[in-house]
Amino acid sequence: MNEALRQVLSRDETAYGLWVTSEASSVTEIAGALGLDWVCVDMEHGYLDYRDIQGHLTAARGTDLTVLVRPPTQDLEPIKRTLDIGAHGVIVPLINTAEEARAASQHAYYPPRGRRGIGGERSVTWGLELDDYVRNANKELLFVPMIETQSGYENLDDIMSVGGVEAIFLGPGDLSASRGAVGDWEGPGVAEINLDILKRARGRGIHAGLVARGTDEAMMRRDQGFGMVALGSDIGLLIRQIRSMTNALDRATQHHSWF
């Protein structure tokens, strides 16, 4: 798990990904075929369930694609079940303190590092590869806290000190909301905070990631030094492309109108 992604990050290159909000497993299959480094299947918002997660994981078989899941909460049940299905790691939402990060990480790792229970589900090939998986899971899985509130930013150094944190993920929209700019992607001061988080993470050898809203922003984030950049969400990219084409067709139709 995650070997190819870690190789990209170890070279200080940007690993490109996709935020997945659709149940269509073909989205993940296409992401792998196109050579993306990772996807994050989002359970926090929307309607995806554990069966959908299994479909996305199955679609990634035979590729080097890392499949992360954002569970709906920091609780034991969704983190444990997500990993039991076979997710390669979790991006955990709304981490505000080191205590929250530490508690959530306990759900992701087996003893003695954590308190994840051992089951016989898909992650261990229904028990056929249990010994190998259990022996290696603690060092192979990715546990990624999301920094997306003012409290999370204020406690950043303590959160990054929690054992096992190789990467953090930024949520500019929610961070803006927590600072009073509800509905803004980067409200007042948030652009500077994003870069401060990036600088402090890199200083600790921790990779930082976020979602870009277009090609220009993805290039900017790459040049700024972000290690994980999502090119967008599956549905967002579909809307963006359709809107771009229809706008272009409307302009062309007006230009060539006979009337």
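For the structure, check the block above.
Since the structure is predicted, the reported quantities are computational estimates derived from the model, not experimental observations.

Turning to helix H11 (residues 215-224), a few remarks are in order. All of the buried residues along H11 are Glu217, Ala218 and Arg221. Buried residues in H11, looked at end-on, bunch into an arc of 105°, giving them a common side. Of the residues in H11, the exposed ones pointing more than 90 degrees away from the buried face are Thr215, Asp216 and Asp223. Where H11 is buried, its residues contact helix H10 (190-203), strand E7 (207-211) and strand E8 (228-233). Positive phi shows up at glycine 225, right after H11, with a value of about 110°.

Locating asparagine 194 in the fold gives a position in helix H10. Using a relative accessible area of 1% as the deciding quantity, one classes asparagine 194 as buried. Of note is the side chain of asparagine 194, whose polar atom sits 2.7 Å from the side chain of glutamate 186. Those residues in contact with asparagine 194, other than ones at most four positions away along the chain, are Leu170, Pro172, Leu175, Glu186, Arg221 and Phe226.

If you walk around this closed barrel you meet the eight strands as E1-E2-E3-E4-E5-E6-E7-E8, and the pairing is parallel. Within this sheet the neighbouring strands show an average axis-to-axis angle of 25°, counted without direction. Sheet topology places strand E3 (residues 66-70) next to strand E4 (residues 89-92); two bridges connect them, and they run parallel. In the strand pairing of E4, leucine 68 is matched with glycine 89.

A word on the packing of aromatic side chains. Using the criterion set out here, one finds three aromatic pairs in the structure. Where tryptophan 19 meets phenylalanine 169, the ring centres are 5.3 Å apart and the plane angle is 35°; that geometry is what we call tilted. In this pair, tryptophan 19 sits in strand E1 (residues 15-20) while phenylalanine 169 sits in strand E6 (residues 167-170), placing the two residues 150 residues apart along the sequence. You can call tryptophan 19 buried: its relative accessible area is 6%. Ring centres of tyrosine 110 and tyrosine 133 lie 6.3 Å apart, and the angle between their planes is 85°; on these two criteria the pair is classed as edge-to-face. In this pair, tyrosine 110 is assigned in the loop between helix H5 (98-108) and helix H6 (130-140) and tyrosine 133 in helix H6, connecting sequence segments 23 residues apart. Connected via pairs of aromatic rings, a cluster forms that spans Trp19, Trp38 and Phe169. Across from the ring centre of tyrosine 50, 4.2 Å away, lies the NZ or CZ of arginine 81, which sits over that ring. Between the NZ or CZ atom of arginine 113 and the centre of the ring of tyrosine 109, over which it lies, the distance is 3.9 Å.

Glancing now at the pattern of salt bridges. For the structure shown, the criterion picks out 15 salt bridges. One salt bridge connects glutamate 186 with arginine 221, and the closest N-O pair in it is separated by 2.6 Å. One end of the pair, glutamate 186, is in the loop between helix H9 (172-178) and H10; the other, arginine 221, is in helix H11, with 35 residues separating them in the sequence. Relative accessible area serves as the criterion here: at 28%, glutamate 186 is assigned to the partly exposed category. Between arginine 222 and aspartate 223 there is a salt bridge, with the nearest N and O atoms lying 2.9 Å from each other. You can call arginine 222 partly exposed: its relative accessible area is 35%. By relative accessible area, aspartate 223 is classed as exposed at 58%.

The rules behind each value
- Residues numbered from 1 in each chain as written.
- Predicted model: local features only at pLDDT ≥ 70, side-chain atom pairs only at ≥ 80, totals over all residues.
- Heavy atoms only, no water.
- Buried < 20%, exposed > 50% of the residue type's maximum accessible area, 1.4 Å probe, protein only.
- Helix = DSSP H or I, 4+ residues; strand = E, 2+ residues; numbered from the N terminus.
- Arc of directions from axis to C-beta.
- Contact = heavy atoms within 4.5 Å.
- Polar contact = N/O pair within 3.5 Å; in protein donor to acceptor, adjacent residues only side chain to side chain.
- Pairing = 2+ DSSP bridges.
- Axes fitted to C-alpha atoms, helices over the stretch in contact; angles between N-to-C directions.
- Phe/Tyr/Trp six-rings, centres within 6.5 Å; stacked < 30°, edge-to-face > 60°.
- Lys NZ or Arg CZ within 6 Å of the ring centre and 35° of its normal.
- Salt bridge = Lys/Arg side-chain N within 4 Å of Asp/Glu carboxyl O.

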